[in-house]
Amino acid sequence: MIPDRIIEQGTLRTDGPRAAVEVRLPWYRALPGSCIAGAELTIDGKTAPAESLRWEMNGAEFTFDELRTNIDEWWFPTDSAVLSGDLDIEPDAEHEVTVGLTLYIPYIIISDTETLHIDEKNTKTMKAVAA
Amino acid sequence: MTALGTPIQGVTLYSFTRAFHGREYDLEGLIRKTAADGFGPGLEIIGFSSFRGFPAIDDAYAGWFRDLIDEVGLVTTSLAVNADIGIHRDRLLNQDELIEYMTLQIKAAAKLGFPIARVQISIEPDSMEALAPIAEAHGVTLALEVHADQYASHPRILALRDRYEKVGSPFLGFTMDWGATVSGFAPSLIEAYRRRGASEELLGQVVDLWNTYYEQGPPADQADHGQRFGSFIGLAARHGRPDLGIDFGINGTGLFGPARVDDWRTIAPWIKHVHGKFFGIDENGEEPSVPVRDLVKLLVENGYNGAISSEYEGWHWNYWQSPFDIIAGEQAVQRSAAGAAGSRMITDLAEARTQLGAWLPNTEGAHA
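Residues numbered from 1 in each chain as written. Chains lettered and ligands numbered in written order. Predicted model: local features only at pLDDT ≥ 70, side-chain atom pairs only at ≥ 80, totals over all residues.

## Details of the overall build of chain A
Looking only at helices and strands, chain A features 1 helix and 12 strands. Put simply, chain A runs from its N terminus to its C terminus through helices and strands in the order β-β-β-β-β-β-β-α-β-β-β-β-β. Projected onto its principal axes, the C-alpha positions of chain A cover 50 × 25 × 25 Å. Sorting the 131 residues of chain A into buried and exposed places 34% on the buried side. (Helix = DSSP H or I, 4+ residues; strand = E, 2+ residues; numbered from the N terminus. Buried ≥ 20, exposed ≤ 12 C-beta atoms within 10 Å, placed from the backbone.)

## Digging into the interface of chain B and chain A
The partner chain A presents 18 residues to the 21 residues of chain B that form the contact. Elements that contribute at least two residues to the side of chain B that touches chain A include exactly helix H1 (17-21) and helix H3 (47-50) of chain B. A total of 3 residues in the side of chain B that touches chain A trace back to one element, the largest contributor, which is H1 of chain B. Grouping the constituent residues of the side of chain B that touches chain A by class yields 8 nonpolar, 9 polar and 4 charged. (Contact = placed C-beta atoms within 7 Å. Nonpolar A, V, L, I, M, F, W, Y, C, P; charged D, E, K, R; others polar.)

## Examining the sheet that holds strand S1 (residues 8-12) of chain B
Residues and elements named next belong to chain B. Reading around the circumference, S1-S2-S3-S4-S5-S6-S7-S8 is the order of the 8 strands in this closed barrel, with parallel pairing throughout. Averaged over all adjacent pairs, the angle separating strand axes in this sheet is 30 degrees, with direction ignored. Examined bridge by bridge, S1 and strand S2 (residues 42-46) share 3 bridges and lie parallel to one another. Along S2, the bridge assignment pairs valine 11 with leucine 43. Sheet strands in contact with helix H6 (residues 125-138) are strand S5 (141-146) and strand S6 (172-177), and its direction is about 145 degrees off that of S5. (Pairing = 2+ DSSP bridges. Axes fitted to C-alpha atoms, helices over the stretch in contact; angles between N-to-C directions.)

## Section: the packing of helix H10 (residues 222-238) of chain B against helix H11 (residues 245-255) of chain B
Helix packing for two helices is described by the angle between their axes and how far apart those axes are. Residues and elements named next belong to chain B. Orientation of H10 relative to H11, taken along the N-to-C sense of each, is 145 degrees, at an axis distance of 8 Å. Crossing handedness for the pair H10 and H11: right-handed. Between H10 and H11, the contacting residues are His225, Arg228, Phe229, Phe232, Ile233, Leu235, Ala236 and Ala237 on the first element and Gly245, Ile246, Phe248, Gly249, Gly252 and Thr253 on the second. For the contact of H10 with H11, the class distribution of residues is 8 nonpolar, 5 polar and 1 charged. (Left-handed = near helix turned anticlockwise from the far one by under 90°.)

## With respect to helix H12 (residues 292-301) of chain B
Buried within H12 of chain B we find Val292, Leu295, Val296, Leu298, Leu299 and Val300 of chain B. With its phi angle positive at about 70 degrees, glycine 303 of chain B sits one or two positions after the end of H12 of chain B.

## Here's the deal with the domain arrangement of chain B
All names here are of chain B. Assigned domains within chain B: domain 1 (8-181 + 259-359) and domain 2 (187-254). Look at where the C-alpha atoms of domain 1 and domain 2 centre, and you get two points 28 Å apart. In this complex, domain 1 contributes 12 residues to the contact, which on the side of domain 2 involves 10 residues. Looking at the side of domain 1 that touches domain 2 residue by residue, the class counts come to 6 nonpolar, 4 polar and 2 charged. (Domains from an automatic or database assignment.)

## As for the pairing of strand S8 (residues 307-312) of chain B
Residues and elements named next belong to chain B. Burial analysis of S8 places 6 of its 6 residues in the buried class, the great majority of the element. Examined bridge by bridge, S1 and S8 share 4 bridges and lie parallel to one another. Among the inter-strand pairings, glutamine 9 is bridged to a residue of S8, identified as isoleucine 308. One ladder, built from 5 bridges, connects strand S7 (residues 271-278) with S8; its direction is parallel. Paired with valine 274 across the bridge in S8 is isoleucine 308. With H12 bridging S7 and its parallel neighbour S8, the resulting β-α-β unit is right-handed. (Right-handed = clockwise from strand over helix to strand, strands pointing away.)

## Some points on the nonpolar core
Of all hydrophobic cores here, the largest spans 141 residues; its most connected members are Leu31, Trp75, Leu83 and Val99 of chain A together with Ala109, Ala117 and Leu142 of chain B. Each of domain 1 (8-181 + 259-359) and domain 2 (187-254) of chain B contributes no fewer than three residues to this core. Setting aside residues up to four positions removed in sequence, leucine 142 of chain B forms contacts with Ala117, Val119, Met128, Leu131, Ala135, Phe171 and Leu172 of chain B. (Core = buried A, V, L, I, M, F, W, Y, C linked by C-beta atoms within 7 Å.)

## A look at the pairing of S7 of chain B
Note on strand geometry: in a regular strand, side chains alternate between the two faces of the sheet. Residues and elements named next belong to chain B. In terms of burial, S7 is largely enclosed, as 8 of its 8 residues are buried. With 4 bridges joining them, S6 and S7 adopt parallel strand pairing. The partner of aspartate 177 across the bridge, within S7, is histidine 275.

## Some words on unusual backbone geometry
The omega angle of the peptide bond from phenylalanine 54 of chain B to proline 55 of chain B is 10 degrees, so this bond is cis rather than trans. Among the secondary structure elements, proline 55 of chain B is positioned in the loop between H3 and helix H4 (59-72). Note the cis peptide between alanine 148 of chain B and aspartate 149 of chain B, where omega equals 15 degrees. Phi angles above zero are rare outside glycine, and aspartate 44 of chain A is one such case at about 50 degrees. By the C-beta count within 10 Å, which is 14 here, aspartate 44 of chain A ends up partly exposed.

## As for the sheet that holds strand S9 (residues 80-86) of chain A
Pairing within the open sheet is mixed, and its 6 strands lie in the order S7-S6-S9-S2-S1-S12 (chain A). The sheet terminates laterally at strand S7 (60-62) and strand S12 (129-130) of chain A, the two strands that pair on one side only.

## Quick look at the environment of glutamine 334 of chain B
All names here are of chain B. Along the chain, glutamine 334 turns up in helix H13 (residues 323-340). Here the alpha-carbon distance between glutamine 334 and isoleucine 233, two residues 101 residues apart in the chain, equals 35 Å. Residue contacts for glutamine 334: discarding those within four places in its chain leaves Gln9, Gly276, Val292, Val296, Ile308 and Met345.

## Side note on the environment of glycine 33 of chain A
All names here are of chain A. Examined against the element boundaries, glycine 33 turns out to sit in the loop between strand S3 (31-32) and strand S4 (36-43). Owing to 23 C-beta atoms within 10 Å, glycine 33 belongs among the buried residues under this scheme. Taking the C-alpha atoms as reference points, glycine 33 and isoleucine 71, separated by 38 residues in sequence, lie 5.8 Å from one another. Those residues in contact with glycine 33, other than ones at most four positions away along the chain, are Phe62, Leu67, Asn70, Ile71 and Glu73.

What follows is the structure, encoded as structure tokens:
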């Protein structure tokens, strides 16, 4: 759903060994942290190590393991979250950014034990700004 | 003979998802535009889409919202709520947890002034029965949405209908979603695939495949549904566009349900609310793939006096046309169809309020 909206144009930041970009929810309704199952951050073909990824929303930062059990913090459809990871990129240069997201849709139950999940991906090119 | 119905015109803000998500309008802006452009008087909202922190609604916010609705001159019809049975990654909610989860949303509906809560198919007959007294206590009718790939005479829907009959609560019913009774693959979606580079040959075969399923009618069971889903994926793969396969499958089976309009008669007395689902308006001012005129006629003839929320779903793929113009176009078709059926749509606020109040059950002492 509207995957072209995932990456917010012009929000790529670099801070030493880390890079961050703002992302939007590719769904029409708010989802809790527990439904944000995974992300991938790739810049110029290099993918950030999964364990280095952090997710910031509602003013707090989470690992994806922490999100797994969080049903108190919700990603609202008009809010930007920040996805960051270990990637050393040049400031003031153009970069190709790809973000992949795996989201569970908690009200669509597809079997006795399984909830629907979606994988969405978006790529945009933008200049990095030093934090 | 049943007196002819006069459905209440309205809209769900879901139709404007692209504008809201894109931050062109906030909730207040969309409500004001809905009133100013005459898309009401009925207003439906999805709780988890529009209200930050839902289902927690504090008194000050509820007061602000109710005052806004009064000021702009709309009538709140349905709050679309969700049964997030899969909210925990490792397990599904049990029955007690589900009842608690839904109760919070029913309370939110009452607090915000919505007389109906739209619920979804994942709620089974036992849960609907358990929720009936809670709905009644808060003066909120639970209208379970009959949505493709289900349809009115689907075994799961009939099981709910039979349970409603047994429970006998006027607070249990259905929301009719017109997407269950579609008559063609939406041309605007074909156009979107064309813009994504799909060949005319492939697009022709997508339409043909859907038409084959339309001739056969709704899928007999989940296996049949799965087979149809898979056939769309196979078609895309054979034409070198595997990237489009899942999209074909989701839309071809989950958005464009192939049941016939008359199928709704199976549950007609229990239809409390309607999603006037549609996908686009063509150059003749008609909906080319949803039989809007026949659906409105059926409702009028069945004495339906509830609201029809125009629900534009073409926004998923149609980024080149204004959803506001398209809603206006579909509502014109509805009004024309009601007139042709010897009745009319209610567009006057006072009439809508009075009629909706009489249409739905009330609970003494509850604030509905």
